[in-house]
Amino acid sequence: MTTRQRKASAKPEPPPASQSSWRQTPVKPRSQANRNQATMHDSANRVSFPVHRPDETPSRGLARRLPRFGVRLTWRSALAAATLAIVACALGQAWLNDGFRVHAAQVRGATRIAAEEIYQASAVDGRSIFQIRPASVAAKVNTTPGVASSVVHLRLPAEVIIDVREHQPWIAWKIITDTVWLAADGVTRVPVVGPPPALTLVDETGSATDGVGQLKPYVFASLKTLNAVRPELAEIHYGRLEGLFYRAAEGWTVYLGDTGKMAPKLALLQAVQDAPAIRNKRPEIIDLRFDGRAEIR
C-alpha cells in the first residue's frame, strides 16, 4: 500500500541538462491543440471585428483602439474659407443690388440709326452689369440694319457704352415707286435717313432686280466701274431694252446695255467723244450696247 502511494505521488523527472526547461513545449491535451491550430489557421485568412450589442458599453481598451477621424484646421485654411465666404456674399449682394442694373446706354457713332433702336437691340436693359458679356451684346447690335460693326464697353457700377460704325449709303436705287439705299457692297440696305448718296439708279420698270429683291450682279459690277471712271455722273437709268444708260452733260444719251465688259465700252466712248466729227455733229444717241461697236445717231 505504501509503495503504491509513493509511485502515484512521484514527481516527473526533470528535463535533461542539454535542453532548458523554458524551451519545452507544455503538455496539452490533443483536443485543445487541434482547436488552437484551427483557430490560428482561420485567423490567418480572415479579419474579425468585435461585435457589441446595443446595451453593452465598450471597454476602455476597445475605445482606445477605434480609429479617429478629424480635420486639422490651420489659420491659413480658416483665413481662406473666411475670404471665400466674404467674396461669395459680396457677389450675391452685387447680383441682386439694383445699383448694378443697367437702365440706359451711351451710343456713340450713330448718325443715321436711332440710338434707342440700337439700345433695344443690345438687350441689356434691366440686367446686372455682371451678367453682360460685351462680345454677345456687340453681336446683337450688329444685326441692326445699317450697322457695320460695334464695340461694347462696360464700366461700374452700371454704365454701358456702345461704339457703332454705320454702313454709308453708296447708291439710291429707285424701284418704280420705292427707294432703297444700298451700301458699297450692293447688298446691304441702309436706312433712308440723313444726307442721300451721291449716285442714283432710276429703275422705272423694276428690271434691275434679280427676282429676290437684290440688284443684278452685272448691274452692280457695271455701276461700280462706271462710278469709278466717271464719278461726276449723279444719275443713271436702267431700262428693259436699253440696259444701263445716262444723259451726258454734252446733251446726248449714252446706251451701255446689260451685257459685255463695261471698261472697254467706256474707253470706246471716250475715243468717240474726243473725235472732232462728234463735236461738229452733236448726236442725240451714242449706242454702245454691242461690244467693240459704237453707233452714233
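Everything below is about the structure printed above this text.
Residues numbered from 1 in each chain as written. Predicted model: local features only at pLDDT ≥ 70, side-chain atom pairs only at ≥ 80, totals over all residues. Heavy atoms only, no water.

Asks: Explanation requested: helix 5 (residues 115–122) in the structure shown.
Replies: Because each turn of an α-helix spans 3.6 residues, side chains separated by three or four positions end up pointing in the same direction. Residues of helix 5 that are buried include every one of I118, Y119 and S122, and no others. Looking down the long axis of helix 5, one finds its buried residues gathered within 100° of arc, a one-sided arrangement. In this structure, the buried side of helix 5 is in contact with strand 1 (106–108), helix 6 (134–141) and strand 3 (159–166). (Buried < 20%, exposed > 50% of the residue type's maximum accessible area, 1.4 Å probe, protein only. Helix = DSSP H or I, 4+ residues; strand = E, 2+ residues; numbered from the N terminus. Arc of directions from axis to C-beta. Contact = heavy atoms within 4.5 Å.)

Asks: What am I meant to see in the environment of L241 here?
Replies: For L241, the position within the fold is in the loop between strand 8 (235–239) and strand 9 (243–247). Distance in space between the C-alpha atoms of L241 and Y255 is 9.9 Å, their sequence separation being 14 residues.

Asks: I'm lost on the nonpolar core in this one. Help?
Replies: Among soluble globular proteins, nonpolar side chains are generally buried collectively. Of all hydrophobic cores here, the largest spans 29 residues; its most connected members are L201, L215, L223, L244 and L256. Those elements that provide at least two residues to this core are strand 4 (171–175), strand 5 (178–182), strand 7 (199–203), helix 7 (217–229), strand 8, strand 9, strand 10 (253–257) and helix 8 (262–274). If one sorts the elements of this core by residue count, helix 8 sits on top with four residues. Leaving out residues up to four positions away in the same chain, L256 has contacts with L226, L244, F245, Y246, M262, K265, L266, L288 and R289. Residues V107, I132, V147 and V152 belong to the second largest nonpolar core, which totals 15 residues. (Core = buried A, V, L, I, M, F, W, Y, C linked by side-chain atoms within 4.5 Å.)

Asks: I keep staring at unusual backbone geometry and nothing clicks. Help me out?
Replies: Put simply, L156 and P157 share a cis peptide bond, and its omega is 5°. Its identity is not glycine, yet A123 carries a phi of approximately 60°, on the positive side. Tracing the backbone through its elements, the reader meets A123 in the loop between helix 5 and helix 6. One non-glycine residue, I176, adopts positive backbone phi at about 55°.

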